[in-house]
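Each chain, written out:
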Amino acid sequence: LDKLPSTILVYKDVDIDKTTMIPLHDYREFRIRDVLSQTDQGKLYGSISLNGSLHPAILSNEKVISLPPVINSDITRLTENSKNILIDVTGTDLDSVNNVLNTIVHSLTFYGGEVLGAIIRYPDKEIVTPNIRPRTMELNLGFISTWLGIDASKDVEVVKRALERMGYKVNSVGSDRMTITIPYYR
């Protein structure tokens, strides 16, 4: 993160014939078309997000720092002196992307890392990531019984202990329902 030209990042399509970057672990500047056709990562993953002569990129002050999901720029290379890192997770399903990000964030904070968020501006909304707020869910004890093969209404304590061992908090238990709080990393 400390090596980026700007703290404002832009995710947009770039023309693969007019835009250049230095691929990770290289020192030479390539056109994006050449990155996609000449690097191992480009050959394997280059066609996934290619749309004609356009490819999505993450830019910092107009410099390409990543071609998701293909390859990052060498400017983002981690070294033994790296202290502040940028985690970018891209995908086609926002819930899945957020779950992956939260898992990575949890791993880093577990070992003492500090997490700073980011504001992501879409044309129609803004979201703050990572979202580490726990969420609440209501469970149907009949459904649990069917899937686990136990009588959950009779073995509520077994279900409750199992959930708590996984980091869930059991808020309330009714005759056929259980309300739980799910930690952000689940």
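Located above this text is the structure these notes cover.
Residues numbered from 1 in each chain as written. Predicted model: local features only at pLDDT ≥ 70, side-chain atom pairs only at ≥ 80, totals over all residues. Heavy atoms only, no water.

(A) Molecular detail of the overall build of the protein chain. Within the protein chain one finds 5 helices and 11 strands. Since a compact globule built from 186 residues should have a radius of gyration of about 16 Å, the 22 Å found for the protein chain marks it as more spread out than a globular shape. Projecting the C-alpha coordinates of the protein chain onto the three principal axes gives extents of approximately 65 × 35 × 35 Å. Of the roughly 12,700 Å² of accessible surface on the protein chain, a fraction of 52% belongs to carbon and sulfur atoms. Each charge class in the protein chain was averaged separately, 21 positive and 23 negative side chains, and the resulting centres sit 2 Å apart. (Helix = DSSP H or I, 4+ residues; strand = E, 2+ residues; numbered from the N terminus. Rg over C-alpha atoms; globule rule 2.2 N^0.38 Å. Areas by Shrake-Rupley, 256 points an atom, 1.4 Å probe, with all protein chains shown as cover. Lys, Arg positive; Asp, Glu negative; His and termini not counted. Charge placed at Lys NZ, Arg CZ, Asp CG, Glu CD.)

(B) Highlighting the sheet that holds strand β4 (residues 54–60). Strand order in the open sheet formed by 4 strands is β1-β4-β5-β6, and the pairing between neighbours is antiparallel. Pairing within the sheet leaves two strands with one partner each, and these edge strands are β1 (9–15) and β6 (71–72). In the sheet, strand β5 (residues 63–67) pairs with β6 via 2 bridges, with the strands oriented antiparallel. Bridge assignment links Leu 67 to a residue of β6, and that residue is Ile 71. (Pairing = 2+ DSSP bridges.)

(C) Structural view of the pattern of salt bridges. This structure, assessed with the given rule, holds 8 salt bridges. In this structure, Asp 17 and Arg 31 form a salt bridge, with 3.1 Å as the shortest nitrogen-oxygen distance. Remark: Arg 31 occurs in strand β3 (residues 30–31) and Asp 17 occurs in the loop between β1 and β2 (20–21); sequence separation between them is 14 residues. Close ionic contact of Arg 77 with Asp 74 constitutes a salt bridge, the shortest N to O distance being 2.9 Å. Beyond isolated ion pairs, a larger network of salt bridges with shared partners links Asp 17, Arg 31, Arg 33 and Asp 34. (Salt bridge = Lys/Arg side-chain N within 4 Å of Asp/Glu carboxyl O.)

(D) Focus on helix α5 (residues 156–165). Burial in α5 covers these residues: Val 156, Val 159 and Leu 163. For α5, the arc enclosing every buried residue in end-on projection is 65°, short of the 170-degree limit, so these residues lie on one face. For α5, the elements touching its buried residues are β9 (135–140), α4 (141–148), β10 (169–173) and β11 (177–182). Among the residues trailing α5, Gly 167 stands out with phi positive, at a value near 95°. (Buried < 20%, exposed > 50% of the residue type's maximum accessible area, 1.4 Å probe, protein only. Arc of directions from axis to C-beta. Contact = heavy atoms within 4.5 Å.)

(E) Structural detail: the layout of surface pockets. Its volume calculated, the largest pocket comes out at about 1,700 Å³. Lining of the largest pocket is provided by 44 residues; of these, Leu 86, Ile 87, Ala 118, Ile 120 and Thr 129 occupy positions nearest its centre. Listing elements by their share of the lining of the largest pocket, those giving two or more residues are β1, β4, α3 (94–110), β7 (118–121) and β8 (126–129). Classifying every residue of the lining of the largest pocket by side-chain character gives 28 nonpolar, 11 polar and 5 charged. The space that makes up the second largest pocket amounts to roughly 470 Å³. Lining the second largest pocket are 27 residues, and of these Asn 72, Thr 76, Leu 86, Ile 87 and Asp 88 sit closest to its centre. Secondary-structure elements contributing two or more residues to the lining of the second largest pocket are β5 and β6. Top contributing element to the lining of the second largest pocket by residue count: β5, with 3 residues. Of the residues in the lining of the second largest pocket, the class split is 15 nonpolar, 7 polar and 5 charged. (1 Å grid on protein atoms, 1.4 Å probe; cavity = no way out; pocket = protein on both sides within 12 Å on 5 of 7 lines; lining within 4 Å. Points joined across faces, edges and corners; volume = space filled by probe spheres on them. Nonpolar A, V, L, I, M, F, W, Y, C, P; charged D, E, K, R; others polar.)

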